[in-house]
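For reference, the chains in residue letters:
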Amino acid sequence: MNLKHACILVTPLFVAGLTLAADEPAGREPNVRIDASAALINALVQRSIDETEPVNEIIQDTPVCGIGRTLGNVYAELIPDTRHATIDIAMQGVNYSETVGARHTIRIHTFTTTPLQVRRRIVIGETGINLLAGPSSAVACTQLIDVTSTMDMDYLAKCMVRRGFENTRPAAEAESACKTVGHVIRRIDDEINPALATASSTLGRELRAFRQTGLLLEAMRFSTSTSHVHGAFRFATPGRTSPVPMMLSSDFDLAARIHESVATEAAQTEFGGRTFSLTEVSKIYNELTRGLILDARSDADIKLDLEKLAKLAAQLAGKPVIVTLPKRDPLIVTFADQGFTLEGRVESVQQDKTTYAGLRVKVAYRLENRADGVYALRKGPVRVALDKGNPEKKVDAMPAATGVIMETMLTEFMKERIKLAALPMLDPIASRLLAPRAAAANGWFALVWKLRKR
């Protein structure tokens, strides 16, 4: 039933939640949003079933045994809710059972057809993930096939048994329908409960990861429409511009949006006040991009630049250059005009126990959506300028050779062409999603995915 994958999919919606309530104070809007369509959730859940199992029940105080077969379909349905992410996991189908009821020496052979619909409701809110009962229904129709006995039985006795069966049929059918629904519910719960346990574990891991970055999760809310589950959450970004919501059309199956204030705050918590050697630029780059940004240049260009860097690094032998970043805003990220701008600051540069003035670095990228993914192309060169900081504090001018090395290193850091790496996706849907599309406007960066058409 792939319920595990569905629960894991919606878990980030608990970490990230949807549109905040109308009574939220101004200036405290969500700065990260995640949305998933009903079609995407169904891609994980929907399947047909054909299961045959033994039947062992007590119906109207009579032991009944035989074989039952269930045919039907499992699917997900989004339930509109302004305060929660609410998803019904439903099974609609028919159960056929051929059984024998044993009462003393009498054997009652029957065939029962039970159309049914069973629903279990997953509700995700601020207090956690809960599994609730959904509306379920079933109507059993039982046909008497034969009456036999382990002893000799005359015609009159058979007629009496048949009459007794007809008298108790409505009650027996109602009890049979109820027990069939209960049996299906237990089977669904046996699949959902481990999935919810996995989702809760994933949730805890994600929350711990957020706390470790120093970002404070202030609020999260959820809602559900007939077409999408929505989630929005707000990280604390003190002193930064409040986001105005970035609107998307409904033509997507998965969307993730992040405001520039979160990216800038994350960079500050990670790198604010940090000191490192210039030879560690590649390490810092990998930490910053988390393996999600790939060098999209040709192999020849990459090789040429690596050779250039090796020569520059050789010039620093025995003369380590130590870079110190400012505690406040070492990197400012701006999303606008289908692109983004990075403005970095170096507070000071130290070489041979001499401290030099810092630097300001600025670079702009243009986003391009291609068939194989999202690319970013640098718009012009990396702009590097001296930042003397406090004018009352006397600092030495940076040697020309060191300046050239710094600029070359920073240019390598802010690569000419980069590509978004494939984001980790659940195996059942990874192959079903087209390459993402990116957009940047009004301080927001968005990635959207659509399912492939079958």
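Quick caveat, the model's predicted, so the values are computed rather than measured.

J.: Could you give an account of the overall build of the chain, naming the residues involved and the relevant values?
T.: Looking only at helices and strands, one finds 8 helices and 22 strands in the chain. Within the chain, residue pairs in contact and separated by at least 24 positions form 70% of the contacts whose partners lie at least 6 positions apart.

J.: Could you give an account of the environment of leucine 410, naming the residues involved and the relevant values?
T.: For leucine 410, the position within the fold is in helix H7 (residues 400-413). A sequence separation of 26 residues divides leucine 410 from valine 384, and the C-alpha atoms of the two residues are 8.5 Å apart. Apart from the residues within four sequence positions on either side, leucine 410 is in contact with Leu359, Val361 and Val384.

J.: Before we move on, could you go through helix H5 (residues 281-289) and cite the residues and values that matter?
T.: Taken as a whole, H5 has its buried residues at Val281, Ile284, Tyr285 and Thr289. Each buried residue of H5 sits inside an arc of 120 degrees when the element is viewed along its axis, so together they form one side. Just past H5, the residue arginine 290 takes up positive phi, approximately 55 degrees.

J.: Help me get a handle on the sheet that holds strand E21 (residues 437-441), residues and values and all.
T.: What the 6 strands build is an open sheet, ordered E9-E10-E1-E11-E22-E21; its pairing is antiparallel. Both outer strands of the open sheet, strand E9 (217-224) and E21, are each paired with one neighbouring strand and no more. Ignoring strand direction, the axes of neighbouring strands in this sheet form an average angle of 10 degrees. Across 5 bridges, the pairing between E21 and strand E22 (residues 444-449) is antiparallel. Bridging from a neighbouring strand, alanine 441 pairs with tryptophan 444 of E22. Contacting strand E1 (32-37), strand E10 (228-235) and strand E11 (254-259), helix H2 (residues 38-45) runs over the sheet at an angle of about 60 degrees to E1. The strands that helix H4 (residues 260-271) touches are E1, E10 and E11; relative to E11, the one it contacts most, it runs at about 65 degrees.

J.: Provide a residue-level description of empty space enclosed by the protein, including the pertinent values.
T.: Applying the stated criterion across every chain yields a total of 2 cavities of 30 Å³ or more. The volume enclosed by the largest cavity comes to roughly 300 Å³. Surrounding the largest cavity, 19 residues form its lining, Phe276, Ile284, Leu325, Leu410 and Phe413 being those nearest its centre. Of all elements in the fold, only H4, H5, strand E16 (339-351) and H7 reach the threshold of two or more residues within the lining of the largest cavity. Across the lining of the largest cavity, the residue classes tally to 17 nonpolar, 1 polar and 1 charged.

J.: How would you summarise H2 if you had to cite specific residues and measurements?
T.: With 7 of its 8 residues buried, H2 lies for the most part within the structure. Here H2 has its buried residues at Ala38, Leu40, Ile41, Asn42, Ala43, Leu44 and Val45.

J.: Explain unusual backbone geometry to me, using residue names and the numbers behind them.
T.: Here the phi dihedral of aspartate 61 falls at roughly 65 degrees; this positive angle occurs in a residue that is not glycine. Note on placement: aspartate 61 falls in the loop between strand E2 (47-59) and strand E3 (62-78). The backbone of glutamine 338 sits at a positive phi, close to 55 degrees, despite the residue not being glycine. Along the chain, glutamine 338 turns up in the loop between strand E15 (331-336) and E16.

J.: Give me the lowdown on the pattern of salt bridges, citing residues and values where you can.
T.: For the coordinates displayed, the defined rule picks out 20 salt bridges. The partner of arginine 240 in a salt bridge is aspartate 329, and the shortest N-O contact between them spans 2.9 Å. Separated by 89 residues along the polypeptide, arginine 240 in the loop between E10 and E11 and aspartate 329 in the loop between strand E14 (321-324) and E15 bring together distant segments of the chain. Each member of the pair arginine 240 and aspartate 329 is classed as buried. Residues joined in a network through salt bridges with shared partners are Arg47, Glu51, Glu53 and Arg187.

J.: So, the nonpolar core: which residues are in play, and what are the values?
T.: It is characteristic of soluble globular proteins that their nonpolar side chains tend to be buried jointly. Ranked by size, the top nonpolar core spans 73 residues in total, and within it Ile89, Leu278, Phe340, Tyr365, Leu367 and Met406 carry the most contacts. It is helix H3 (residues 155-213) that provides the largest number of residues to this core, a total of 7 residues.

J.: Before we move on, could you go through the layout of surface pockets and cite the residues and values that matter?
T.: Approximately 800 Å³ is the volume found for the second largest pocket. In terms of lining, the second largest pocket is formed by 40 residues, of which the most central are Ile59, Val64, Thr99, Thr110 and Ser176. When residues of the lining of the second largest pocket are traced back to their parent elements, those giving at least two are E2, E3, strand E4 (85-103), strand E5 (106-125) and H3. The greatest single-element share of the lining of the second largest pocket, amounting to 14 residues, is contributed by H3. Its residues placed into classes, the lining of the second largest pocket shows 12 nonpolar, 19 polar and 9 charged.

J.: Could you give an account of the packing of aromatic side chains, naming the residues involved and the relevant values?
T.: Considering all chains together, one arrives at 4 aromatic pairs under this definition. Centre to centre, the rings of phenylalanine 340 and tyrosine 365 are 5.1 Å apart; their planes meet at 20 degrees, and the pair counts as stacked. Of this pair, phenylalanine 340 sits in strand E16 while tyrosine 365 sits in strand E17 (residues 354-370), placing them 25 residues apart in sequence. You can call tyrosine 365 buried: its relative accessible area is 3%. Above the face of the tyrosine 375 ring, arginine 370 is positioned so that its terminal group lies 4.4 Å from the ring centre.

J.: Any chance you could break down the side chain of arginine 119 for me, citing the residues and the numbers?
T.: The topology assignment puts arginine 119 in strand E5. On the accessibility criterion, arginine 119 (9% relative accessible area) is buried. Of note is the side chain of arginine 119, whose polar atom sits 3.0 Å from the side chain of aspartate 88. Of the polar contacts made by the side chain of arginine 119, one reaches the side chain of glutamine 117; its length is 3.4 Å.

J.: Requested: an account of the confidence of the model for the chain, with residues and values cited.
T.: Of the residues in the chain, 86% have a pLDDT of 70 or more, and the chain-wide mean is 83. Throughout residues 1-26 the model reports pLDDT below 50, and contacts reaching past four residues in sequence, or to other chains, amount to 86 contacts.

J.: Give a description of the side chain of histidine 259 that names residues and reports values.
T.: Of note, histidine 259 is situated in strand E11. Side chain to side chain, histidine 259 and serine 261 meet in a polar contact 2.8 Å long.

Definitions and cut-offs
- Residue numbering note: each chain is counted from 1, following its sequence as written.
- Residues qualify for local features only when their pLDDT is at least 70, as the model is predicted, and side-chain atom pairs are given and counted only at 80 or more; totals for whole chains, interfaces and linings, by contrast, use all residues.
- Side-chain measures here rest on the full set of heavy atoms in the structure, leaving out hydrogens and waters.
- Secondary structure elements are defined from DSSP: runs of H or I of at least 4 residues count as helices, runs of E of at least 2 residues count as strands, and each element is numbered from the N terminus.
- Contact definition: two residues touch when any of their heavy atoms are within 4.5 Å.
- Three exposure classes are used, based on accessible area relative to the maximum for each residue type with a 1.4 Å probe and protein chains only: buried under 20%, partly exposed in between, and exposed over 50%.
- Along the arc lie the directions from the helix axis toward the C-beta atoms.
- Two strands are counted as paired when DSSP detects at least two bridges linking them.
- To obtain an axis, a line is fitted to C-alpha atoms, over the contacting stretch when the element is a helix, and the angle between two such axes runs from 0 to 180 degrees between their N-to-C directions.
- Cavity: a set of points on a 1 Å grid over the protein atoms alone where a 1.4 Å probe fits but cannot get out. Pocket: an open set with protein on both sides within 12 Å along at least five of seven lines, its lining residues, like those of a cavity, having an atom within 4 Å of a point.
- Grid points are joined across faces, edges and corners, and a volume is the space filled by probe spheres set on the points.
- In this classification, the charged set is Asp, Glu, Lys and Arg, the nonpolar set is Ala, Val, Leu, Ile, Met, Phe, Trp, Tyr, Cys and Pro, and all remaining amino acids, among them Gly, are polar.
- Criterion for a salt bridge: a side-chain nitrogen of Lys or Arg within 4 Å of a carboxyl oxygen of Asp or Glu.
- Each nonpolar core is a collection of buried residues, namely Ala, Val, Leu, Ile, Met, Phe, Trp, Tyr and Cys, held together in the definition by side-chain atoms within 4.5 Å.
- Side-chain rings of Phe, Tyr and Trp, where Trp is taken by its six-membered ring, are said to pair if the distance between their centres is within 6.5 Å; with planes under 30 degrees apart they count as stacked, over 60 as edge-to-face, and otherwise as tilted.
- For a Lys NZ or an Arg CZ to count as sitting over a ring, it must be within 6 Å of the ring centre and within 35 degrees of the ring normal.
- Within 3.5 Å is the distance limit for a polar contact, defined as a pair of N or O atoms, with the added protein rule that one can donate a hydrogen and the other accept it, and that residues adjacent in sequence qualify only through two side-chain atoms.
- The score called pLDDT rates the predictor's confidence residue by residue, from a low of 0 to a high of 100.

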